[in-house]
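# Residue-level structure breakdown
This is what each chain is made of:
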Amino acid sequence: VHIVESGGGLVQPGGSLRLSCAASGFTFRSYRMSWHRQAPGKERELVAAITSAGGITNYVDSVKGRFTISRDNAKNTVYLQMNSLKPEDTAVYYCNAIGRDNYWGQGTQVTVSS
């Protein structure tokens, strides 16, 4: 099983980033996918989730209206489009797959700073 996040980086407040999570080694289309983040000194929190077929999404209140989660089951990839980024969005972002098993990626750093 491989889960690899990409797309993180340094961005100014108000900017945008698109995170990608490429998965392999399991039946991606059968798994609920989600993005989590962990800031220094804080617990990991759920940011956004999407059902296996992509029909239902949910978000933590702090990102509603700014972030969008989507998936492409043909490419075994889930995305997180992040707009209007704020310094408090700074964290390591992790991709998670939940189904018969539970898989995590290694994370990608997002830093929002001027």
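Read on for an overview of the structure. (Residues numbered from 1 in each chain as written. Predicted model: local features only at pLDDT ≥ 70, side-chain atom pairs only at ≥ 80, totals over all residues. Heavy atoms only, no water.)

## Side note on the overall build of the protein chain
A tally of helices and strands in the protein chain yields 0 helices and 11 strands. Starting at the N terminus and walking to the C terminus, you meet the elements of the protein chain as β-β-β-β-β-β-β-β-β-β-β. Scaling as 2.2 N^0.38, a compact globule of 114 residues should have a C-alpha radius of gyration of about 13 Å, and the protein chain matches this with 13 Å. Reported as C-alpha extents along the three principal axes, the dimensions of the protein chain are approximately 40 × 25 × 25 Å. Out of the 114 residues in the protein chain, the part that is buried amounts to 39%. (Helix = DSSP H or I, 4+ residues; strand = E, 2+ residues; numbered from the N terminus. Rg over C-alpha atoms; globule rule 2.2 N^0.38 Å. Buried < 20%, exposed > 50% of the residue type's maximum accessible area, 1.4 Å probe, protein only.)

## Notes on the pattern of salt bridges
Under the definition given, this model contains 5 salt bridges. In this structure, aspartate 61 and lysine 64 form a salt bridge, with 3.0 Å as the shortest nitrogen-oxygen distance. Using a relative accessible area of 60% as the deciding quantity, one classes aspartate 61 as exposed. Bridged by salt links that share partners, the residues Arg37, Glu45, Arg66 and Asp89 form one connected network. (Salt bridge = Lys/Arg side-chain N within 4 Å of Asp/Glu carboxyl O.)

## Some remarks on the pairing of strand S3 (residues 17-24)
Of the strand pairs in this sheet, strand S1 (residues 2-6) and S3 are connected by 5 bridges, and their pairing is antiparallel. Following the sheet pairing, valine 4 is matched in S3 by alanine 22. The sheet contact formed by S3 and strand S8 (residues 77-82) spans 6 bridges and is antiparallel. Following the sheet pairing, cysteine 21 is matched in S8 by valine 78. (Pairing = 2+ DSSP bridges.)

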